[in-house]
Amino acid sequence: MLPAWHIWDKLFLGEMVIAKNGAKEKIFPVIVRYVCNFAIENRIIFNTITMNGSEAMENIRSSFVEDVKGIINRARQTAVRSVDFCRVQMYWNIGKRIFEEEQQGKERADYGSYLIKNLASTLEPNYGSGFSYRHLAFCRQFYKLYPIVNALRSQLNWTQYRLLIQIDDPHKREYYELEAVNNGWTARETERQINSQL
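Below is a short write-up of the structure. (Residues numbered from 1 in each chain as written. Predicted model: local features only at pLDDT ≥ 70, side-chain atom pairs only at ≥ 80, totals over all residues. Heavy atoms only, no water.)

## Let's talk about the overall build of the protein
Assigned secondary structure in the protein consists of 8 helices and 2 strands. Secondary structure of the protein in N-to-C order comes out as α-β-β-α-α-α-α-α-α-α. The burial tally for the protein puts 31% of its 198 residues in the buried class. Considering only contacts within the protein whose residues lie at least 6 apart along the sequence, 53% involve residues at least 24 apart. Only carbon and sulfur atoms are counted for the fraction: they give 53% of the accessible area of the protein, which is about 13200 Å². (Helix = DSSP H or I, 4+ residues; strand = E, 2+ residues; numbered from the N terminus. Buried < 20%, exposed > 50% of the residue type's maximum accessible area, 1.4 Å probe, protein only. Contact = heavy atoms within 4.5 Å. Areas by Shrake-Rupley, 256 points an atom, 1.4 Å probe, with all protein chains shown as cover.)

## Regarding helix H8 (residues 187-197)
All of the buried residues in H8 are Ala187, Thr190 and Ile194. Mapping the buried residues of H8 onto a view down its axis gives an arc of 60°, with all of them on the same face. Summarising the geometry of H8, the exposed residues directed more than 90 degrees from the buried face are Arg188, Arg192 and Asn195. Tucked into the core, H8 has its buried residues touching helix H6 (158-165) and helix H7 (170-183). (Arc of directions from axis to C-beta.)

## Description of the pattern of salt bridges
Within the structure shown, the criterion is met by 5 salt bridges. The partner of arginine 140 in a salt bridge is glutamate 102, with the nearest N and O atoms 2.3 Å apart. Of this pair, arginine 140 sits in helix H5 (residues 133-145) while glutamate 102 is found in helix H3 (residues 53-104), placing the two residues 38 residues apart along the sequence. For arginine 140, a relative accessible area of 19% gives the class buried. In this structure, arginine 153 engages glutamate 177 in a salt bridge whose closest nitrogen and oxygen atoms are separated by 2.8 Å. In this pair, arginine 153 sits in the loop between H5 and H6 while glutamate 177 sits in helix H7, placing the two residues 24 residues apart along the sequence. (Salt bridge = Lys/Arg side-chain N within 4 Å of Asp/Glu carboxyl O.)

Rendered as structure tokens:
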């Protein structure tokens, strides 16, 4: 077996070959580099491959493609989670701003309701139903229940937080929050669990 540095050197120069029906054939260096890294990391000995060239290429292709698919899927999941968490932070900041504005007019008991209704009527035509009176009231409640932004969990999306803030008992709310994070629940799973236990 060639030492790892020698294999890498051969790959870098594009000289790595496989046997195909007794004849040697060059392999596309990028694929071979990937397979070589995988083999070195997993301590696979190249000399033990006894299949013919077309079978070897087929195996290389399928494992290579599966790994690339895995990279793409993980990146997509991370992107979706990032977008979801940005949305959670946006609603938290809206809730904070509403709460701060309410405190300036706290001498009037109906000021909070008035404020949210007017804000909704201004925002909804431009930004859609995600900024209705009810939704903005959820934002305010969200901020009141989770006043520390760093305590928000990036694994939870806005739908899950909306479900959680509707639970009055803080111990139950914390329980479902932790369970959703630890078990990787989706919003539907979170809702099902909350509804089945309450």
